[in-house]
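Here are the chains, one letter per residue:
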Amino acid sequence: MKYKAFHKLSYGLYIIASEFEGKRAGYIGNTAFQVTSSPAQVAISCHKDNATIDFILKSKAFSLSVLKKESDTSIIGEFGFMSSTDIDKFRNVETITAVSGAPIVLNSSVAWLDCKVVNSVDVGSHVLIIGEVLDSDVISGEEPLTYDYYREKYKMLAPKNAPTYIEKEKLENEIVPEPVIKSEQTSKVEPKSETSAHTCAICGFQYNPEEGDTASGIPPGTPFEDLPEDYKCPICNAGKDYFNPS
Ligand code: FE
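Residues numbered from 1 in each chain as written. Predicted model: local features only at pLDDT ≥ 70, side-chain atom pairs only at ≥ 80, totals over all residues. Heavy atoms only, no water.

Student: Provide a residue-level description of the overall build of the chain, including the pertinent values.
Tutor: A count of helices and strands for the chain gives 5 helices and 12 strands. Scaling as 2.2 N^0.38, a compact globule of 246 residues should have a C-alpha radius of gyration of about 18 Å, and the chain matches this with 19 Å. With the C-alpha coordinates aligned to their principal axes, the bounding extent of the chain is approximately 55 × 40 × 35 Å. By residue count, 42% of the 246 residues in the chain fall in the buried class. Residue pairs at least 24 apart in sequence account for 63% of intrachain contacts in the chain once pairs closer than 6 positions are excluded. Here the chain holds 24 positive side-chain charges and 35 negative ones, and the gap between their average locations is 4 Å. (Helix = DSSP H or I, 4+ residues; strand = E, 2+ residues; numbered from the N terminus. Rg over C-alpha atoms; globule rule 2.2 N^0.38 Å. Buried < 20%, exposed > 50% of the residue type's maximum accessible area, 1.4 Å probe, protein only. Contact = heavy atoms within 4.5 Å. Lys, Arg positive; Asp, Glu negative; His and termini not counted. Charge placed at Lys NZ, Arg CZ, Asp CG, Glu CD.)

Have a look at this one:
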């Protein structure tokens, strides 16, 4: 079996949120898809250890916000890599409440669906939750974020609770055909920086000195050692101390 074949499946990235007894929880998931058109139903696959699953199953409601291509990295960091049991992920985002009662995150979203739970299937590590769409809206005409784009841009792998998680070692040991590179591109390859890339131990974000971190104001060619002491991971906000050479 070639694990990299799974990376050829296309996904989006979504904030999935719910509310129960006045408390809100949410996470970022890629496993969300429409399963029927009449009635309109969608399914999500949620890890049993995910704090949000209890909220969804008890309230029988969830919302799904479709993230835009250039989403705010702090939203990805908090909703994707932190737990709703530790922080209030909603303190800095704008939300509305639709028919089901679930909070809908508007920041960095291009559209949303509001769903009531109509069925759930225990699939082992995860629960497949099926929701009927009660309401939906489009927020902006911007492009949605795809999982492939996210993986390439941030050099990220799925976190352990994701249904699409694959161990890094399994991927590294596989040989697959490389993309065809045109000859004029190969002649422009810059020599590699002498300082190594560093990886965030919290979320897996990789700082590459050749690319810098332009979103954080760090120009390409900046060695990790020269980053300001208050540099923070653009995904999860972890400090420099959490980065290890990779
Ligand atoms: Fe991080």
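From this point on, the discussion continues.
Student: A description of the packing of aromatic side chains should follow, citing residues and the corresponding values.
Tutor: Where two aromatic rings form a pair, the distance of their centres and the angle of their planes describe that pair. Counted by the stated rule, this structure contains 8 aromatic pairs. Plain terms: the ring middles of Tyr 11 and Tyr 147 are 6.2 Å apart, the flat faces sit at 70 degrees to each other, and that makes the pair edge-to-face. Remark: Tyr 147 occurs in helix H3 (residues 147-154) and Tyr 11 occurs in the segment before strand S1 (14-20); sequence separation between them is 136 residues. An aromatic cluster is defined as three or more aromatic residues linked by ring pairs; in this entry it consists of Phe 205, Tyr 207, Phe 224, Tyr 231 and Phe 243. The ring of Tyr 147 has Arg 151 sitting right over it, with the charged end atom 4.9 Å from the ring centre. (Phe/Tyr/Trp six-rings, centres within 6.5 Å; stacked < 30°, edge-to-face > 60°. Lys NZ or Arg CZ within 6 Å of the ring centre and 35° of its normal.)

Student: Break down the coordination of the iron ion for me, citing the residues and quoting the values.
Tutor: The protein atoms that coordinate the iron ion are Cys 200 (SG), Cys 203 (SG), Cys 233 (SG) and Cys 236 (SG), at distances of 2.3 to 2.4 Å. Here the iron ion binds 4 donor atoms, and the angle range of 102 to 114 degrees at the metal identifies the geometry as tetrahedral. Going along the chain, you hit the donors of the iron ion in the pattern C-x2-C-x29-C-x2-C. A relative accessible area of 2% places Cys 200 in the buried class. We classify Cys 203 as buried; its relative accessible area is 7%. (Donors = N, O, S within 2.8 Å, 3.2 Å for Na, K, Ca; no water. Tetrahedral: all angles 85-135°; square planar, octahedral: opposite > 155°, others 65-115°.)

Student: Can you lay out the side chain of Ser 65 for me, pointing to particular residues and giving the numbers?
Tutor: Its place among the elements puts Ser 65 in strand S5 (residues 61-67). Judged by relative accessible area, which is 0%, Ser 65 ranks as buried. Discounting chain neighbours no more than four positions away, the residues touching Ser 65 are Leu 13, Tyr 14, Ile 15, Ile 104, Val 105, Ser 109, Ala 111 and Trp 112.

Student: I'd like to hear about the layout of surface pockets, residue by residue, with values.
Tutor: Counted as a void, the second largest pocket has a volume near 530 Å³. For the second largest pocket, the lining is made up of 31 residues, of which Tyr 27, Ile 28, Gly 80, Pro 159 and Asn 161 are closest to its centre. Contributing elements (two or more residues each) for the lining of the second largest pocket: strand S2 (23-29), strand S4 (40-47), helix H1 (51-59), helix H2 (73-81) and H3. Looking at side-chain class alone, the lining of the second largest pocket contains 17 nonpolar, 12 polar and 2 charged residues. (1 Å grid on protein atoms, 1.4 Å probe; cavity = no way out; pocket = protein on both sides within 12 Å on 5 of 7 lines; lining within 4 Å. Points joined across faces, edges and corners; volume = space filled by probe spheres on them. Nonpolar A, V, L, I, M, F, W, Y, C, P; charged D, E, K, R; others polar.)

Student: Go over the sheet that holds strand S10 (residues 198-200) with me, naming the residues and quoting the values.
Tutor: Overall, antiparallel pairing links the 3 strands, which are arranged S11-S10-S12 in an open sheet. This sheet does not close on itself; its edge strands, each paired only once, are strand S11 (206-207) and strand S12 (243-245). The sheet contact formed by S10 and S12 spans 3 bridges and is antiparallel. Its bridge partner lying in S12, Cys 200 is registered against Phe 243. (Pairing = 2+ DSSP bridges.)

Student: Kindly report on the nonpolar core, identifying the contributing residues and their values.
Tutor: Nonpolar side chains tend to gather and get buried jointly when the protein is soluble and globular. With 31 residues, the main nonpolar core has Phe 205 and Cys 233 as its most contacted residues. With 4 residues, H2 is the largest single contributor of residues to this core. Val 42, Ile 53, Val 66 and Val 127 belong to the second largest nonpolar core, which has 18 residues in total. (Core = buried A, V, L, I, M, F, W, Y, C linked by side-chain atoms within 4.5 Å.)

Student: Go over unusual backbone geometry with me, naming the residues and quoting the values.
Tutor: A cis geometry characterises the amide bond from Ser 38 onward to Pro 39, with omega recorded as 0 degrees. Along the chain, the position of Pro 39 falls in the loop between strand S3 (32-37) and S4. Unusually for a residue other than glycine, Lys 60 sits at a positive phi of about 55 degrees. Here Lys 60 lies in the loop between H1 and S5.

Student: Could you give an account of a nonpolar patch on the surface, naming the residues involved and the relevant values?
Tutor: A surface patch of nonpolar side chains, amounting to about 360 Å² of accessible area, comprises Met 1, Phe 6 and Leu 9. Summarising the element assignment, Phe 6 is placed in the segment before S1. Judged by its relative accessible area of 40%, Phe 6 falls in the partly exposed class. (Patch = residues over 30% accessible without salt bridge, like charges linked within 9 Å, V, L, I, M, F, W, Y side chains within 5 Å. Areas by Shrake-Rupley, 256 points an atom, 1.4 Å probe, with all protein chains shown as cover. Salt bridge = Lys/Arg side-chain N within 4 Å of Asp/Glu carboxyl O.)

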